[in-house]
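Single-letter residue listing:
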Amino acid sequence: MRLTIPNFTKRVKLEIMPSGQKFFVLYNYNRTTKQNRYIRMGEFPFMPIDVAYNKAVSLSQYSSRSGKFPKKIKKVDEIWNEFLTYQKEVELKKYRTLRTYNFKYTKWIKPILGYKEIYKISEQDLKNLLTYNEKKLGELKQDQTTNYRVYIILKYLFAWAVKQDYITLNPLKNFNYQSEGFLKPDHRNVKHHAKLTNEDEIKNLIEKTCTDDIELELKVCILFGLETSLRNFNILNLSWDEINLQNKTIEIKKEKMKGLKKTERVREDFILPLSNSMVEILQNFKKYRSDNHVFKHIYDRKINTYLKKNFGVTLHGMRGTFKTKMTKLMAKHRVNKEFIEMYMYHSVSNNEIETAYLELSYNDHETQEILKILASYWDNYLLDLYDFKSKILKEIK
């Protein structure tokens, strides 16, 4: 039942539910579809009548600009989880991506826009948010790349909100991030992970890691990262099921490797040869492990704190060390750059033409033999700097 409110605009009525709850609703007639709609604005008496009036005016003004009313009046925070579900189930975003979205939303979006009704958010509101974040990042001496990623999340959110009829006008539709004076990251201004490229620095890392009074698991994890050039996530979540000591390979399903979930059908499982040194270390290390998790007690902060404090790098920086040194040493190991990219689970093709003519597979025997050459050469190079194998094996036994 909907009742007219005395001495009030006729378009706002009081809707009484069978449960006894009462809501302010705004009447709307769509001339195009010739349909009547009542938009629920808020519950009475928790929403004062003057607030209901102001909301009705705001919605009417929005309708005049956009041509129709939003489906429901929702605050950003009320639809955030629905947006994440869409990203997971329709856009097929991975868990790690969704976790990043949620972290950035919680820290950089929610405090300012989370409790604002989404249809009320204007382009100026978004400019103010990005300007505030830019200033805050500057004060914290953090990379402005974070602000650009916040902008990308907002683009996805508002485009989705239009599809869901939560808004009819996308405030970011004509917004140009760079033209508004914000810094868009590219290879010239992105702060990359620090890497060690000097032989003395690499030797110091290996030697100090082996001789420092730190737990054996941390030592093996660092050396494993340096030898294999795997990403943090894969190293720290590695299971013994993914290490084939008989075949001397690491075998990780493509679902666990970096890449968009929607591209999994065209990607391959990762198969990387292990050096003889790493196989021997892992064989002995495994004897004292009862858990299937290889590096169960090592986590990002723990390993990166040690590496940053002593060497100024992170675990991810090992990848840069491997790629830089192996590229410079190509004349000696005589392996083409495409296989260095495969070693790191990178795309080997830069364009569609190259993709059409070049076919390299992790399941191909010849490819695996070439990757073995890389693994062996890199292992010998590191051993020449410092005999970590003997040192670690002695400590294990």
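These lines cover the structure that appears in this document, whether it is placed above or below. Residues take numbers from 1 onward in each chain, read along the sequence in its written order. Per-residue local features are limited, in this predicted model, to residues with pLDDT of at least 70; the limit for side-chain atom pairs, both in listing and counting, is 80 or more; totals at the level of whole chains, interfaces and linings are taken over all residues. Side-chain descriptors were evaluated using all non-hydrogen atoms of the structure, hydrogens and water having been removed beforehand.

Moving on, we come to the side chain of Gln87. Examined against the element boundaries, Gln87 turns out to sit in helix α2 (residues 76-89). Residue burial is assigned from relative accessible area. The probe radius is 1.4 Å, only protein chains are included, and a residue is buried under 20% of its type maximum, exposed over 50%, and partly exposed in between. Of the residues examined, Gln87 reaches a relative accessible area of 3% and is grouped as buried. Gln87 has contacts with Leu92, Lys93, Leu98, Tyr101 and Tyr156, leaving out every residue within four places of it along the chain. Working definition: helices are DSSP H or I runs of at least four residues, strands are E runs of at least two. Numbering for both runs from the N terminus. Any two residues whose heavy atoms approach within 4.5 Å are treated as being in contact.

Bringing the pattern of salt bridges into the picture now. By salt bridge we mean one thing: a side-chain nitrogen of Lys or Arg within 4 Å of a carboxyl oxygen of Asp or Glu. Counted according to the given criterion, the structure contains 15 salt bridges. With a closest N to O distance of 3.3 Å, Lys120 and Glu117 form a salt bridge. Classification of Lys120 as partly exposed rests on a relative accessible area of 38%. Here Lys389 ties to Glu280 by a salt bridge, and the two come within 3.0 Å at their closest N and O atoms. Remark: Glu280 occurs in helix α9 (residues 276-286) and Lys389 occurs in helix α16 (residues 388-396); sequence separation between them is 109 residues. Members of the salt-bridge network, linked through shared partners, are Glu123, Lys127 and Glu180.

With that settled, the discussion passes to the sheet that holds strand β7 (residues 270-273). Taken together, the three strands give an open sheet; going across it, the order is β5-β6-β7, and neighbouring strands pair in antiparallel fashion. Since the sheet does not close on itself, it has two edges, and those belong to β5 (243-244) and β7, each with one partner. In this structure, strand β6 (residues 249-252) lies alongside β7, joined through four bridges in antiparallel fashion. Its bridge partner being in β7, Thr249 is matched across the sheet by Pro273. The criterion for strand pairing is that DSSP finds at least two bridges linking the strands in question.

The next point concerns the environment of Asn174. Structurally, the position occupied by Asn174 is in the loop between α5 (145-163) and α6 (199-211). When its relative accessible area of 68% is taken as the criterion, Asn174 is described as exposed. Along the backbone, Asn174 and Glu123 are 51 residues apart, and their C-alpha atoms lie at a distance of 9.1 Å.

Helix axes are fitted to C-alpha atoms over the stretch in contact, other axes to C-alpha atoms as well, and angles between N-to-C directions run from 0 to 180 degrees. Interhelical geometry of α9 versus α16 gives an angle of 10 degrees and a closest axis separation of 10 Å. With respect to each other, α9 and α16 are oriented roughly parallel. In this structure, α9 contributes Ser277, Glu280, Ile281, Asn284 and Phe285 to the contact, and α16 contributes Phe388, Lys389, Ile392, Leu393 and Ile396. Oblique is the label for any angle not covered by the other classes, which are roughly parallel (under 35 degrees), roughly antiparallel (over 145) and roughly perpendicular (65 to 115).

What follows deals with the nonpolar core. Among the nonpolar cores identified, the biggest contains 66 residues, and Leu205, Ile206, Phe224, Phe295 and Leu307 are the most heavily contacted of them. Ignoring any residue separated from it by four or fewer positions in sequence, one finds Leu307 in contact with Leu205, Ile222, Gly312, Val313, Thr314, Leu315 and Met318. By nonpolar core we mean a set of buried residues, namely Ala, Val, Leu, Ile, Met, Phe, Trp, Tyr and Cys, connected to one another through side-chain atoms within 4.5 Å. Judged by nonpolar contacts, the second largest core, of 45 residues, contains Phe24, Trp160, Ala161 and Ile167.

The next point concerns the packing of aromatic side chains. Working definition: rings of Phe, Tyr and Trp (its six-membered ring) pair if their centres are within 6.5 Å, and the pair is stacked with planes under 30 degrees apart, edge-to-face with planes over 60 apart, and tilted otherwise. Taken as a whole and assessed by the stated rule, the structure comprises 21 aromatic pairs. Pairing Tyr148 with Tyr151 gives two aromatic rings, centres 5.9 Å apart and planes at 45 degrees, and the pair type is tilted. Within this pair, Tyr148 and its partner Tyr151 are both found in helix α5, separated by three residues, close to a single helical turn. Summarising the burial analysis for this pair, Tyr148 and Tyr151 share the class buried. Geometry around Phe233 places Arg96 over its ring, the cationic atom sitting 3.9 Å from the centre. Look at NZ for Lys and CZ for Arg. If either is within 6 Å of the ring centre and within 35 degrees of the ring normal, a charge sits over the ring.

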